[in-house]
Amino acid sequence: MNFYRTTRLMLSGAAFFSLAGSAFALDGADLLKKLNAAYAAQGGTISADSVDIDGTTATLKNVSVKSAGGESLAVGEVTLSGVEEDEDGGYYIEEAAFPDINTTKDGVTVTAQELTLGGISIPATPGGDTLDTMMLYETAHTGPLKVVKDGAELFSVLESNVNLTLREDESGFDFDGAFKSMKADLSKAEDPQSKDAIEKLALQHIQGDITMKGAWELAPGTIDISEFAFDFTNIGKLNLGFKISGYTMAFVKSLQDAMKQSEANPNKEESQQALGLAMLGLMQQLSFEAAQVRFEDASITKRALDYAGAQQNISGKQMADSLKAMTPIMLAQFNIPELQNAVSAAVNTFLDDPKSLTVKAAPEKPVPFPTIVGAAMGAPNTLPQVLGVKVTAND
C-alpha cells in the first residue's frame, strides 16, 4: 500500500515539474521576433531559418543580417546563451557567440575569431524614446583578426573590447573600448613613390593601439568623448575629443525614423535628398560644447621634416625654418590676428623641439550648431572667437 502511494506521489511530482518546465520554456519564435523588431528599430533586419532551444540556450540557424542601406550579410549559426525572459516580455541574453570569419576575395583572406556580445537587453516593445525600448549590450569582444594577401600578413589586431556601463541611477552610460596590438605591414607597397616615402619615414611596420573613453548623459543628451587615441610606436599619439549636447533619446528616435523612411523609399535619389534634409533639421537640435586635437610626437616629426626637405634639396632644419616663416603668411588671409599669433608661436615651439601640439575649442557656453554654420558662411573669421579656439605646443 505504501509502495503504491509513494509511486503515485513520485509520478505526480514528475508530471508537475514536466508541466512547469513546459510553461517556462523559451519561445524561440518570440525571441527571434523581438530580436528582429529591436534591430528593425535601427533600420536593419535579422533573419534565421530556425531557432533551436535547449534550456536557456537558443541556437539561430543560417542567420543573415541587413543593416540600414546595406546589403544582406550571411552570418551563419549564432548561439545565444543564458537567455531569460523578463516580466515585461523582453529578453536578457548573457552572451551571443558568432561564428569565426574566414573569407577570401581577390586573393585577400580575412579571418576573425572569438566574436561575442555580452549582456544584451532586448525590449518587449522597441522603437520608443526611453531606455526600456532600446536594444543594448554591455560588452563586445573580438579575438585575433588578420588580413593576409599571397601568404603575407598585411594587417592584424590581437583583440578588441568595448564596454558599456549603465549608471546606477540610469541617468546615462559610461563606455570605453580598445583595439590592442594593431600591426600593419606597409613594406609590400607597389607604387614606387609610396614605397620610397614609407622607407624614408620608417613606416614599413606599424604597431600600436586605438583606445576610446566617453560618457552619455541622457537628459541633456550630452556626449563627451574624452579620449579617442591612436598611439603608434615610433610615430606618436593622436588624441581626439569632443563634447556635444542635444543628443537625447528623442533625437535618437527621430534619427532612426528618418533612416527607416529613407530605406523604405524605392527612389534612392529622392530618399537620399530627403534624408539629407532631415539630418540638417536634426542637427539644429545639437549644441557644441568642446573639442580637442592633441598630437604627442614620438620621432615621426623629424623624419617627416627630413623627408619633405629632401624633396626640395634642403635639410630637415631648413624645412622647419621654412614652415615657420610660411605659417603667419598663410594665416594672414583669414583675418584672425589673435589666433594667427598663437598658431605661429605654437608652430615655432613645436618645430624647434617636437613634443606636443594641441588645438582646443572651449566656448564659454554651448554654441548651437546653426550658429556655427551661420558664422562659417557669413563671417568665418569670427569662428575662432565663437568656439574659443586656442593652440599651444609642448604643454
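Up top is the structure.
Now for a description of the structure that goes with this document. Fair warning: this is a prediction, and the values are worked out from it, not measured in the lab. (Residues numbered from 1 in each chain as written. Predicted model: local features only at pLDDT ≥ 70, side-chain atom pairs only at ≥ 80, totals over all residues. Heavy atoms only, no water.)

**Regarding a negative patch on the surface**
Together, D27, E85, D86, E87, D88, D132, E168, D169 and E170 make up a region of like negative charge exposed at the surface. With respect to the secondary-structure elements, D169 resides in the loop between β11 (152–166) and β12 (172–185). (Patch = residues over 30% accessible without salt bridge, like charges linked within 9 Å, V, L, I, M, F, W, Y side chains within 5 Å. Areas by Shrake-Rupley, 256 points an atom, 1.4 Å probe, with all protein chains shown as cover. Salt bridge = Lys/Arg side-chain N within 4 Å of Asp/Glu carboxyl O. Lys, Arg positive; Asp, Glu negative; His and termini not counted. Charge placed at Lys NZ, Arg CZ, Asp CG, Glu CD. Helix = DSSP H or I, 4+ residues; strand = E, 2+ residues; numbered from the N terminus.)

**A look at the packing of helix α7 (residues 316–332) against helix α8 (residues 337–352)**
Where α7 contacts α8, the axes come no closer than 9 Å and their chain directions differ by 170°. When the axis of α7 is compared with that of α8, the two are roughly antiparallel. Between α7 and α8, the contacting residues are A320, L323, K324, T327, P328, L331 and A332 on the first element and Q340, V343, S344, V347, N348, L351 and D352 on the second. Its residues assigned to classes, the contact of α7 with α8 shows eight nonpolar, four polar and two charged. (Axes fitted to C-alpha atoms, helices over the stretch in contact; angles between N-to-C directions. Parallel < 35°, antiparallel > 145°, perpendicular 65-115°, else oblique. Contact = heavy atoms within 4.5 Å. Nonpolar A, V, L, I, M, F, W, Y, C, P; charged D, E, K, R; others polar.)

**Structural notes on the layout of surface pockets**
Estimates place the volume of the largest pocket at around 1500 Å³. Take the lining of the largest pocket: its biggest share by element is five residues, from strand β4 (residues 72–85). The class makeup of the residues in the lining of the largest pocket is 34 nonpolar, five polar and one charged. The volume enclosed by the second largest pocket comes to roughly 500 Å³. Looking at the second largest pocket, it is lined by 22 residues, and the ones nearest its centre are S121, L131, D132, M134 and L136. Counting residues per element, the ones that place at least two in the lining of the second largest pocket are β5 (91–98), β8 (115–122) and β11. If one sorts the elements of the lining of the second largest pocket by residue count, β8 sits on top with three residues. (1 Å grid on protein atoms, 1.4 Å probe; cavity = no way out; pocket = protein on both sides within 12 Å on 5 of 7 lines; lining within 4 Å. Points joined across faces, edges and corners; volume = space filled by probe spheres on them.)

**Some remarks on the environment of G70**
Examined against the element boundaries, G70 turns out to sit in the loop between β3 (57–66) and β4. We classify G70 as partly exposed; its relative accessible area is 23%. (Buried < 20%, exposed > 50% of the residue type's maximum accessible area, 1.4 Å probe, protein only.)

**Details of the pairing of strand β16 (residues 287–297)**
Here ten bridges tie strand β15 (residues 236–245) to β16, and the two strands are oriented antiparallel to one another. Across the sheet, the residue bridging to K243 is A290, located in β16. As paired elements, β16 and strand β18 (residues 367–368) share two bridges and run antiparallel to each other. Across the sheet, the residue bridging to S287 is P368, located in β18. Bridging between β16 and strand β17 (residues 356–361) involves six bridges; their strand directions are antiparallel. By the bridge assignment for β17, F295 is matched with L357. (Pairing = 2+ DSSP bridges.)

**Focus on the environment of I46**
Note that I46 resides in strand β1 (residues 45–47). Residue contacts for I46: discarding those within four places in its chain leaves L35, N36, Y39, V63, S64 and V65.

**Here we look at the pattern of salt bridges**
By the definition in use, this model includes 17 salt bridges. In this structure, D30 engages K34 in a salt bridge whose closest nitrogen and oxygen atoms are separated by 3.2 Å. In this pair, D30 and K34 are both assigned in helix α2 (residues 28–40), four residues apart and thus about one turn of the helix distant. The same class applies to D30 and to K34, which are both buried.

**What to know about empty space enclosed by the protein**
As enumerated under the stated definition, the model contains one cavity of 30 Å³ or more in all. For the largest cavity, the calculated volume is near 60 Å³. Together, A38, A41, Q42, G127, G128, T133, M134, M135 and Q256 line the largest cavity. Here the residues of the lining of the largest cavity sort into four nonpolar, five polar and no charged.

**Some words on the environment of F98**
Counting through the fold element by element, F98 comes out in strand β5. Since its relative accessible area comes to 30%, F98 is described here as partly exposed. Sequence separation between F98 and G70 is 28 residues, and the spatial gap between their C-alpha atoms is 20 Å. Setting aside residues no more than four positions away along its own chain, F98 makes contact with V75, V78, L115, T116 and L117.

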